[in-house]
Each structure stands twice: as structure tokens, then as C-alpha cells.
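# Notes for the structure review
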Amino acid sequence: MQVFKTTLRIVLRHPTYLIVYVVLISSFAVFMGLSLYSGTPTEFTQDRPAVAIIDRDRSEITQGLADVLSEHVTLVEVEDSRAALQEASAKSFAVYMVILPEGFGEGLVASARDGKPAPQAETVLSYASVSAYSADALVNEYLNTARVHLAMGSAKTPAEAVALARADMAHEAPASVAAFGASSPLSQQWVGYMLFSSYTAVISVGTLVGLSLASFNRTETRRRNLVAPLGPSAMGLQTAAACVIAAVAVGIWITGLGLAVFGGSLGTADARMLVLVLAALFAYCFVALAIGFLLSQLTRSELAINAAANISGLVMAFLGGVWVPLSILGEGVIAVGHFVPSFYYADTISRASALQSYRLSDLAPLLGNIGIILLFALAIFVVGLVAGRVRAQSADAGGSAAAERPQGA
Amino acid sequence: MTNTFTYTLLALVRERDALIWALAFPLVLATLFFAMFSGIDSSYRLKTVPIVVVDDAHYRDAAAFVSLMRVLSEPAETGAPTSTGAAAHDGAHGPSTDAGPLLDVRLVASTEEADALLKSRDVVGYYVVDASGTPRLVVSAVGLDITEEVTRTILKTVIDNYLRSAATAETVMAKTAQGIGAAPAWPAGAAGPAGPAAPAGPAGAAAPAAPAAAAAATIAELSETLAHPLQFTKELRVTANDASGSVRYYYALLGFAALMTAQVGMLTVVRTQANLSPLGARRALGGTNRSVTLVAGLLASWLLSFVCILIAYCYIRFALGVSFGGRDPACVLGLAAATLMATSFGTLIGAIPRMTLGAKGGILIGITCLASLFAGLYGTPAQRLSDWLSREAPAFQQINPVQQVSTLFYTLYYYDGYEAFFSTVGALLVFSAACLALAAVLMGRQRYASV
């Protein structure tokens with residue numbers, strides 16, 4: 001068990017990576033989870049885009065707009081200057097800003113009573129203009145309603161028109177969330193946390209296992225171990241066992257932290273859903289383990305292993321749709337996504353979070369995904385074995401190539 | 001000094017591991033971003049929303065709602081679509097997207113059929129009309145896709161608008177009745193095809209026979225007004241370039257890459273410290289003044305970092321065609337300031353006494369990852385978090401070096417003038433000076449009992 005203990009000791013002798021990659025990055029995942037929707041998934045919720053009103057008119061009509069909009073959007077303050085508007089647009093402080101010019105209220109009254117052209121408010125949109133659609137619809141709806149009341153004579157004054165428009169705008173159509181299964185869907189916060197954790201798994205397990213195994217691949221260490229009384233297979237098994245324990249420990253840490261922070265929101269979810277998500281996580285930890293093994297066979301440099309694990313984690317997180325929904329990306333990206341294990345990890349979580357029954361036909365896609373994740377781990381491991389064999393035979397590693405007689409000798 | 005500078009630079013160029021962070025990392029990620037996000041801006045624009053409608057007796061009775069569905073699923077013929085996707089309401093059609101109609105309506109015979117489609121996640125939701133003629137939206141549980149919430153909001157907006165128009169019609173009718181002494185009936189489906197109209201059920205009330213002419217005139221006028229809502233808004237562009245959802249990934253990436261070059265500065269300092277590397281121990285015994293060694297080393301680190309990040313910038317700007325607002329000279333100046341900040345920061349981390357190179361590297365990577373998270377590098381949720389922090393805790397973002405570098409490019413892309421840009425450059429220079437001063441204090445106090 002000496003090799004087993006030594007391997008684990010090497011892992012523990014990298015406290016910076018344990019703190020930064022395991023503790024800190026999983027804390028990021030908690031941050032990300034907490035920033036997501038915290039309500040019950042069975043409640044109907046609407047997008048509440050950040051909207052700013054710049055009211056240069058301050059008439060009754062324009063002031064009534066803020067009251068109406070506040071029911072449907074998140075109103076934010078933006079200073080009335082070009083620089084402030086640019087900043088708000090650049091930094092997405094508001095996805096929709098409406099600028100009501102002086103005389104707007106009077107213009108609307110004149111438009112209603114005398115048929116004059118409608119006054120124009122200017123709007124500034126962020127790049128996410130789809131979110132601005134409902135805000136723009138609300139603004140126009142309110143102004144049209146006030147105008148109708150003034151035009152039809154049901155309101156004699158702008159104040160009356162505002163009051164009637166507000167009353168009309170209070171009407172809302174019924175909406176509900178369909179519940180198909182016995183249990184409620186998984187909490188979005190926990191799901192977001194688990195998705196982000198795929199990155200945690202790759203960089204923490206990949207780096208720690210990579211560094212640990214690379215220590216054994218140093219030429220002198222390898223030569224010393226070759227003449228040790230312990231056979232290569234026994235040594236390999238002990239090393240592998242230690243690495244598996246490190247990978248599983250990271251999986252347990254991620255699981256424990258997630259349940260500790262988001263456990264309260266999972267109360268009504270079916271335990272089988274959780275089990276499926278956690279099975280995907282542990283399968284994914286084996287992918288991270290295989291990546292660490294592969295890196296250790298390719299290089300012994302700490303910085304290179306660290307960088308490669310980071311790049312792998314980022315690339316897989318993006319391509320798999322873990323951080324950016326694949327639905328907003330192109331078909332080509334989705335096609336490429338099928339070649340990374342994170343795609344199947346994200347898909348498993350997505351399917352498990354809305355699972356409605358537990359028949360084999362319903363579970364088959366999820367179990368298939370977990371199987372594919374494990375196959376990815378196996379494939380990466382095999383590549384690592386081949387890379388390791390080539391390296392072991394090289395002169396640099398003190399392999400058989402080093403024993404070759406120089407030409408001409 | 002020149003010799004020290006030259007040989008430090010040569011030694012750093014041969015340091016392949018450090019160059020992975022400084023050069024390979026941004027190139028790989030930029031290529032990935034290009035492959036992924038080249039079409040992302042179009043995904044932020046309004047597209048036709050597929051919706052299922054239960055085509056039962058209640059739906060067929062609600063003539064106005066049937067008319068609304070028909071209109072919203074037809075492309076606009078008049079009125080150019082606005083940037084929000086809403087067509088000008090002066091024509092006979094409702095809101096539409098850039099590419100076509102607002103809704104893609106699919107009729108199904110029963111609620112069970114609609115449920116089955118919802119369950120299979122083929123659609124976000126469906127409309128079903130109840131006995132009173134009121135439409136209801138039924139959606140699936142919130143998916144992982146954040147755009148789904150926006151889509152369901154649009155679907156809800158359509159039927160909210162429909163019911164509110166009905167409420168407006170009722171109010172007008174009630175007020176008119178007070179004036180003419182009768183309550184005119186709102187005919188089913190009387191509103192024009194432009195969309196929201198009073199449903200027959202809720203608004204329909206029995207009308208007394210007299211005075212019929214006034215009532216008919218009111219109905220005609222109201223119908224006309226509701227059928228042709230006015231467009232009160234028009235889009236204004238206040239920024240130097242069009243708002244873009246993809247550029248922010250590249251700007252955050254450059255911030256991340258710039259801070260990663262701090263590894264080079266850290267490595268240089270470690271190589272000059274006698275207790276951290278054999279090379280440092282040898283150099284400490286050399287005849288060259290220590291401050292000369294440090295200054296030359298830092299200049300070499302900065303130059304290498306700057307060249308690496310400049311290569312990444314040129315690749316992003318010219319090979320990938322990402323826009324930086326057409327202000328390349330200012331971008332290069334910004335990169336120089338950004339790498340100076342990173343080198344200074346690396347120097348500070350490198351100067352921390354009694355800590356191994358690996359530990360310092362880990363700390364640097366940890367800080368870089370954390371700062372990048374809050375700068376919005378890690379996808380859509382991270383961008384939301386970053387926007388929220390910029391709004392609610394601007395001071396925190398002011399001390400986030402990745403955010404500051406990212407802001408450099410934002411100011412050039414979005415703002416007219418250079419005030420905000422130079423202000424950010426100034427902040428980076430102050431940050432650099434503070435790091436160097438602190439590093440000088442740390443290095444000045446180091447005494448080696450044993451190396």
C-alpha cells in the first residue's frame with residue numbers, strides 16, 4: 001500500500017490546487033447557482049427585463065408609465081446623459097431604455113383629440129433585444145390605451161386617462177405550468193450548480209491526478225521504481241486506486257456542497273432524479289481522471305498540466321452547452337458538441353430535471369448518456385496508455401530507445 | 001542593463017510552459033469562441049415563436065381570438081419591423097419578427113394532444129380558450145434554457161394584450177353608455193385583424209334598442225381605434241457601434257489572457273530570488289546590481305507579455321474579424337497598459353516570501369479565474385452576474401483587473417470619446433504602481449538565513 005499512500009500524499013501536497021480548484025471553483029459554482037431563478041419550478045414566472053425610463057416631460061401621462069411598467073419589469077435608474085446611456089447600453093444595465101421627450105403628454109392628448117400624429121419616444125436597446133420586446137409592447141400598449149380613452153371620451157382629462165389605462169393594464173391572462181409527473185422538476189439553482197461543476201471536476205481532478213502521476217513519470221523516479229520489489233501491475237493498481245479515490249472525493253465534495261447549499265430547494269423532487277444527476281457527475285469525474293492520466297503521460301511540467309486541464313475544462317464546458325445554451329448557438333456547434341462528454345453530461349441533467357416517469361423507455365436516454373460519458377473516459381484512458389507507452393520507450397524517459405547503439409558505433 | 005534585459009527575454013521566450021498561458025490559451029479560446037458565437041447575435045433577436053392552440057369549440061367561438069392568431073401568424077405586409085421585432089401598428093397586421101410572423105400557430109384537436117407536445121418539449125407552451133372565451137397559456141416547467149423564460153413572456157404578452165384590449169373596450173362602452181343612456185354591445189370579433197380585440201364572451205352584454213345609432217357609431221370608432229394601435233416608440237442608437245452580444249466574450253477573454261501573462265512576471269521575479277530558485281541564488285551572488293536585474297527582468301517580462309497579447313489581439317481582430325470599434329491604435333495602447341498591470345501583479349505575487357513557485361502559480365490562476373468569472377467570461381449566467389455586479393457594486397468591479405481590461409475595449413467599442421478609455425487606462429496604471437510598490441516593500445525586506 002506504500003505506492004497508494006504516496007500517490008495520495010502527492011495529491012495532498014498540492015494544497016494550493018486543492019484550495020483554488022476544488023474549494024474556490026466549486027464556490028464559483030455556488031455563486032452561479034444562486035444567481036439563477038430561485039422560485040418553485042411549478043410556478044408560472046415571466047422574464048422581468050431591466051428597463052429604464054428617462055422622463056423629460058414629467059406629465060401625468062408619462063409618469064403613469066412608470067407605475068404600469070413597475071408591475072412587469074425591473075425598473076432601474078439611468079442618468080439622463082449620453083454618456084450614461086452609452087454606459088447603460090454597453091454594460092447592459094438596462095435591456096430597454098425609453099426616453100420620453102418634453103411635450104410628449106401634450107402630444108398624446110392632441111393626437112387623441114385632434115387626430116395629430118402620435119408623439120415619438122426614443123428607445124435604446126441592448127444586444128438582447130428579444131428581452132426588450134415585451135417591454136416595448138407594454139409601453140406602446142399603455143400609451144395606446146390612454147389615447148383610446150381620451151379619443152373615445154371615456155376620459156376627460158389626462159389624469160383620468162392614466163387611471164383608466166392603469167386599471168385596464170391590471171388585467172392579466174391566466175397562465176399555468178403543466179405538471180406531468182408525480183414529483184416537481186429539480187431546482188434551477190441546483191441544476192445550474194451541477195452544470196458548472198463539470199468545469200470544477202475537470203480542472204481539479206485533471207490537475208491533481210495529472211500532477212500526481214507525472215511525479216511517477218520522472219525519469220529517475222521511474223528507473224528507481226522499475227527495480228523496486230513491487231511489480232509494475234501492482235504499482236499501477238495502487239496508483240490507479242489512489243487516483244480513483246481522489247476523483248471520487250472531488251465528486252463527493254461537489255455533491256455535499258451542492259446539497260448543503262441547495263438541499264432545501266430539492267425537497268419536493270424525486271430522489272431518483274437526484275441519483276441520475278449524481279451518477280452523471282461521478283461518471284464525469286472519471287472523464288476528468290482519464291484527462292489527468294493522459295496529461296501525465298504527455299508532459300511532466302506542472303504549468304503545462306495546469307494549463308492543459310484548464311483549457312480542456314473551458315473548451316468542454318463551452319462546447320457541451322454547460323455555460324451557454326446550445327439552443328442559441330448554431331447547428332454546427334451542436335454537431336461538434338456531440339464529440340465532447342460535457343454535452344452528454346448537460347443533456348443528462350436537462351432530461352433528469354424534467355423527468356416525468358421512470359419507465360425504462362424514459363430512463364434509457366439518460367442511462368445511455370451516462371454510458372457514453374464512461375466510454376469517453378475509457379477512450380481518453382486508452383489514448384493515455386498509448387502515449388505513455390511511446391513515452392516510456394523514448395530515450396528521454398530512459399526507455400529502450402536510450403539503450404540503442406548510436407549509429408556508426 | 002541591456003545584457004540582462006536581452007538574456008532575461010531570451011530565457012523567458014524559451015520558457016514554453018509560461019507561453020502556453022500567455023499565447024496558446026487566448027488563441028485556443030478565441031478560436032473556440034469564434035466557432036461558437038459567430039451567430040449568437042441573431043439568437044438575441046426576436047424570432048417566430050412556435051405555439052400550439054387547442055382548436056376546440058370554445059376556441060372557434062372566440063372569433064376575435066381566432067382572428068388574432070391568424071394575424072399574428074402572418075408576415076407583416078405593411079410597416080417595417082422595429083428593432084424590437086414589433087411591426088409598426090399602422091397596418092393591418094400585428095407584431096412580427098425580422099424574418100417573419102410573431103407566432104407559428106399549430107392547431108391541435110384537444111388539450112391531451114397539446115399536453116403531449118408540451119411533454120415532449122417540442123413547444124414552449126399552448127393556448128386554450130375556456131368557456132367564457134378567455135385564453136389561457138400553459139407552459140412546461142422552466143427549462144435549462146434561459147431563452148425559454150423570455151419566450152413564455154412573449155406568449156403571455158400576446159394574450160395579456162388581448163384581454164386588456166377587451167377591458168378597454170368594456171370601459172369605453174360603459175362610459176359611453178352613461179353618456180348616451182344605453183350600453184352598446186361589443187360584437188364578437190369586431191376588432192380589426194391587427195390583434196387584440198374584445199372577446200365576445202366577457203365584453204358582450206345585452207344592449208337596449210335605443211339609441212342604436214350612437215352606439216353603432218361608438219362601436220365603429222372604437223373598433224377602428226383598437227384595430228390600428230399607434231407606434232409610439234422608435235429606436236435610437238446612442239453608442240458608437242451596434243450593441244453586440246458576442247464581442248463581450250472576446251473582451252473578457254482578452255482581460256483573462258492579459259492577467260494570465262502575470263505568470264511571466266511572477267516567473268521572472270522568482271528567478272531573481274535567492275531562496276526560490278537555484279538561478280536566483282546564483283544571480284544573487286553575481287556582480288549585477290539587484291535592482292538592475294529586477295528592472296531589466298520586469299521590462300523583458302512586460303515586453304514578452306505585450307507581444308503575446310498583441311498576437312492574440314491581431315488574431316482576434318484580423319483573422320477572426322471581431323470588431324473593436326475601428327480604434328486599433330487605442331487598443332494597442334490599452335493592451336500595453338493591461339500587460340503592464342499584469343506584469344506588476346505577477347511581480348507582486350512572485351515577491352511573496354516563503355512560498356513555492358507552484359503555490360504562487362496556483363494563487364495567480366485562482367485570482368484570474370475568480371476575476372474572469374465576475375467579468376462574465378464563463379457564459380451567460382456569468383455575464384448576468386457581471387452585469388449585476390457592475391450595477392450594484394461598481395467599486396468591486398473597479399478593482400477587478402479582468403473587468404477593467406474588458407472595460408478598456410468596451411469604452412472603445414461603445415463610447416464616442418476617449419475620456420472613459422483614458423480613465424480606465426489611468427486606473428490600470430494606478431493598479432500597476434500599487435502592485436510594484438508593494439512588491440518592492442516585500443522584496444526589500446527579504447533576508448536569506450539560508451538558501
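Structure first, text after, so check above.
Heads up: these notes are all about the structure in this document. Note that the structure is predicted; figures quoted are calculated from it, not measured.

## Here we look at empty space enclosed by the protein
Going through the model one piece at a time under the given rule, you end up with 3 cavities of 30 Å³ or more. Estimated volume of the second largest cavity: approximately 90 Å³. Counting residues per element, the ones that place at least two in the lining of the second largest cavity are helix H6 (129-152) of chain A together with helix H7 (147-180) of chain B. In terms of residues, the lining of the second largest cavity owes the most to one element, H7 of chain B, which gives 4 residues. Of the residues in the lining of the second largest cavity, the class split is 3 nonpolar, 5 polar and 3 charged.

## Observations concerning the sheet that holds strand E2 (residues 103-108) of chain B
The strand order across the open sheet formed by 5 strands is E5(A)-E4(B)-E3(B)-E1(B)-E2(B), and the pairing between neighbours is mixed. Where the open sheet ends on each side, the last strands, each with one partner, are strand E5 (175-177) of chain A together with E2 of chain B. The sheet shows a mean angle of 25 degrees between the axes of neighbouring strands, taken without regard to direction. Summarising the sheet, strand E3 (residues 125-129) of chain B and strand E4 (residues 135-139) of chain B pair through 5 bridges and their orientation is antiparallel.

## Concerning the pairing of E4 of chain B
By the criterion of burial, E4 of chain B is predominantly enclosed, with 4 of the 5 residues buried. Taken together, the 3 bridges between E5 of chain A and E4 of chain B define a ladder with parallel strand orientation. Opposite Ser176 of chain A, over in E4 of chain B, you have Val138 of chain B as the bridge partner. Between E3 of chain B and E4 of chain B, which pair antiparallel in sequence order, lie 5 residues; one of them, Gly133 of chain B, sits at a positive phi of approximately 90 degrees.

## What to know about the layout of surface pockets
Residues and elements named next belong to chain A. Space inside the second largest pocket adds up to approximately 1100 Å³. Taken together, 31 residues make up the lining of the second largest pocket; nearest its centre are Asn217, Gly236, Phe293, Gln297 and Leu385. Listing elements by their share of the lining of the second largest pocket, those giving two or more residues are helix H8 (188-216), helix H9 (219-226), helix H10 (232-262), helix H11 (271-298) and helix H15 (360-393). With 10 residues, H15 is the single largest residue contributor to the lining of the second largest pocket. Across the lining of the second largest pocket, the residue classes tally to 20 nonpolar, 8 polar and 3 charged.

## A short note on the packing of helix H14 (residues 328-350) of chain B against helix H19 (residues 419-444) of chain B
Packed helix pairs are characterised by how far apart their axes lie and by the angle those axes make with each other. Residue and element names in this part refer to chain B. The interhelical angle for the contact between H14 and H19, taken along N-to-C directions, is 20 degrees, at an axis separation of 8 Å. By the criterion of interaxial angle, the relationship of H14 to H19 is roughly parallel. Judged by the twist between their axes, the crossing of H14 over H19 is left-handed. Within the contact of H14 with H19, the residues separate by chemical class into 20 nonpolar, 4 polar and no charged.

## What about the sheet that holds strand E2 (residues 74-75) of chain A?
One open sheet accounts for 5 strands, arranged E2(A)-E1(A)-E3(A)-E4(A)-E5(B); its pairing is mixed. With one partner strand each, in any of the chains shown, E2 of chain A together with strand E5 (233-235) of chain B form the two edges of the open sheet. Sheet topology places strand E4 (residues 121-125) of chain A next to E5 of chain B; 3 bridges connect them, and they run parallel. Counted as the bridge partner of Ala121 of chain A is Thr233 of chain B from E5 of chain B. On top of the sheet, helix H3 (residues 60-70) of chain A reaches strand E1 (50-55), E2 and strand E3 (96-100) of chain A; it is set at about 170 degrees to E1 of chain A, its chief contact. The sheet strands contacting helix H4 (residues 82-90) of chain A are E1, E3 and E4 of chain A, and the helix crosses E3 of chain A at an angle near 155 degrees.

## Remarks on the pattern of salt bridges
According to the stated counting rule, one finds 15 salt bridges over all chains in the structure shown. As a salt-bridge pair, Asp80 of chain A and Arg56 of chain A come within 2.8 Å of each other at their nearest N and O atoms. Of this pair, Asp80 of chain A sits in the loop between E2 and H4 while Arg56 of chain A sits in the loop between E1 and H3; the two residues are 24 residues apart in sequence, bridging distant segments of the chain. Looking at Asp80 of chain A, the relative accessible area reads 41%, which means it is partly exposed. Accessibility expressed as a relative area gives 38% for Arg56 of chain A, which makes it partly exposed. Residues Arg164 of chain B and Glu141 of chain A are paired through a salt bridge, measuring 3.4 Å at the closest nitrogen-oxygen approach. With Arg164 of chain B in helix H7 and Glu141 of chain A in helix H6, the pair connects residues from two separate chains. On the accessibility criterion, Arg164 of chain B (2% relative accessible area) is buried. With relative accessibility at 7%, the residue Glu141 of chain A sits in the buried group. Residues joined by salt bridges that share partners form a network here, namely Glu141 and Glu172 of chain A together with Lys156, Asp160 and Arg164 of chain B.

## Observations concerning helix H16 (residues 379-392) of chain B
With 14 residues, H16 of chain B extends 20 Å between its outermost C-alpha atoms, agreeing within 8% with the 20 Å of an ideal straight helix rising 1.5 Å per residue. Along H16 of chain B, the positions that sit buried rather than exposed are Gly379, Thr380, Pro381, Ala382, Gln383, Leu385, Ser386, Asp387, Leu389 and Ser390 of chain B. Looking at the buried residues of H16 of chain B, the elements they touch are helix H2 (15-34) and helix H12 (302-319) of chain A together with helix H10 (247-260), helix H15 (357-374), helix H17 (394-398) and helix H18 (401-414) of chain B.

## Concerning the nonpolar core
Of all hydrophobic cores here, the largest spans 161 residues; its most connected members are Trp190, Met194, Phe196, Phe318 and Trp323 of chain A together with Tyr378 of chain B. Top contributing element to this core by residue count: H11 of chain A, with 18 residues. Filtering out sequence-adjacent residues up to four positions away, Met194 of chain A remains in contact with Ile254, Val277, Leu278, Leu281, Tyr345 and Ile349 of chain A. Listed in part, the 33 residues of the second largest apolar core include Leu100, Ala112, Leu125 and Leu164 of chain A.

## Quick notes on a nonpolar patch on the surface
Together, Leu375, Leu378, Phe381, Val382, Leu385, Val386 and Val390 of chain A make up an exposed nonpolar region whose accessible area comes to about 630 Å². Residue position: Phe381 of chain A is located in helix H15.

## A closer look at the pairing of E1 of chain A
Residues and elements named next belong to chain A. Counting buried positions along E1 yields 6 of 6 residues, so the element is predominantly enclosed. Alternating positions in E1 separate into two faces, Ala50, Ala52 and Ile54 on one and Val51, Ile53 and Asp55 on the other, with burial throughout. Bridge count for E1 against E2 is 2 bridges, and the pairing is parallel. Of the residues in E2, the one forming a bridge with Ala50 is Thr74. Taking the sense of rotation as the criterion, the β-α-β connection linking E1, H3 and E2 turns out right-handed. With 5 bridges joining them, E1 and E3 adopt parallel strand pairing. Within E3, the residue paired with Val51 across the bridge is Tyr96.

Rules of the game
Note that residues are indexed from 1 along each chain, following the sequence as it is written. Chains and ligands are labelled sequentially in the order written, the chains with letters from A and the ligands with numbers from 1. Local features are withheld for residues below a pLDDT of 70 in this predicted model, meaning they are given only at 70 or higher, and side-chain atom pairs are given and counted only at 80 or more; totals for whole chains, interfaces and linings count all residues. Each side-chain value is derived from all of the structure's non-hydrogen atoms; neither hydrogens nor water enter the calculation. Here a cavity denotes a set of grid points, spaced 1 Å apart and computed over the protein atoms alone, in which a 1.4 Å probe fits but from which it cannot get out, and a pocket denotes an open set meeting protein on both sides within 12 Å along at least five of seven lines; residues with an atom within 4 Å of a point are reported as lining. Grid points are joined across faces, edges and corners, and a volume is the space filled by probe spheres set on the points. Each helix corresponds to a stretch of at least 4 residues labelled H or I by DSSP, and each strand to a stretch of at least 2 residues labelled E; elements are numbered beginning at the N terminus. Residues are grouped as follows: Ala, Val, Leu, Ile, Met, Phe, Trp, Tyr, Cys and Pro are nonpolar; Asp, Glu, Lys and Arg are charged; all remaining types, including Gly, are polar. By this definition, two strands are paired if DSSP reports at least two bridges between them. What counts as an axis is a line fitted to C-alpha atoms, over the stretch in contact for a helix, and the angles between N-to-C directions run from 0 to 180 degrees. The classification of residues rests on relative accessible area computed with a 1.4 Å probe and restricted to protein chains. Under 20% of the type maximum is buried, over 50% is exposed, and intermediate values are partly exposed. Convention used here: angles under 35 degrees read as roughly parallel, angles over 145 as roughly antiparallel, angles from 65 to 115 as roughly perpendicular, and any remaining angle as oblique. For any pair of crossing helices, the crossing counts as left-handed if the nearer helix is rotated counterclockwise from the farther one by less than a right angle, and right-handed if it is rotated clockwise. Residue contacts are counted whenever heavy atoms from the two residues lie within 4.5 Å of one another. Each salt bridge in this description consists of a side-chain nitrogen of Lys or Arg and a carboxyl oxygen of Asp or Glu lying within 4 Å of one another. The span one expects for a helix is its residue count, reduced by one, times 1.5 Å. To qualify as a nonpolar core, a set must consist of buried Ala, Val, Leu, Ile, Met, Phe, Trp, Tyr and Cys residues joined through side-chain atoms within 4.5 Å. Patches in this entry comprise residues that are over 30% relatively accessible and not in a salt bridge; like charges within 9 Å are linked, as are nonpolar side chains (Val, Leu, Ile, Met, Phe, Trp, Tyr) within 5 Å. Accessibility throughout is a Shrake-Rupley quantity obtained with a 1.4 Å probe, and a residue counts as covered only by protein chains that appear here. Crossover handedness is defined by viewing with both strands directed away from the observer: a clockwise path from the first strand over the helix to the second marks the crossover as right-handed.

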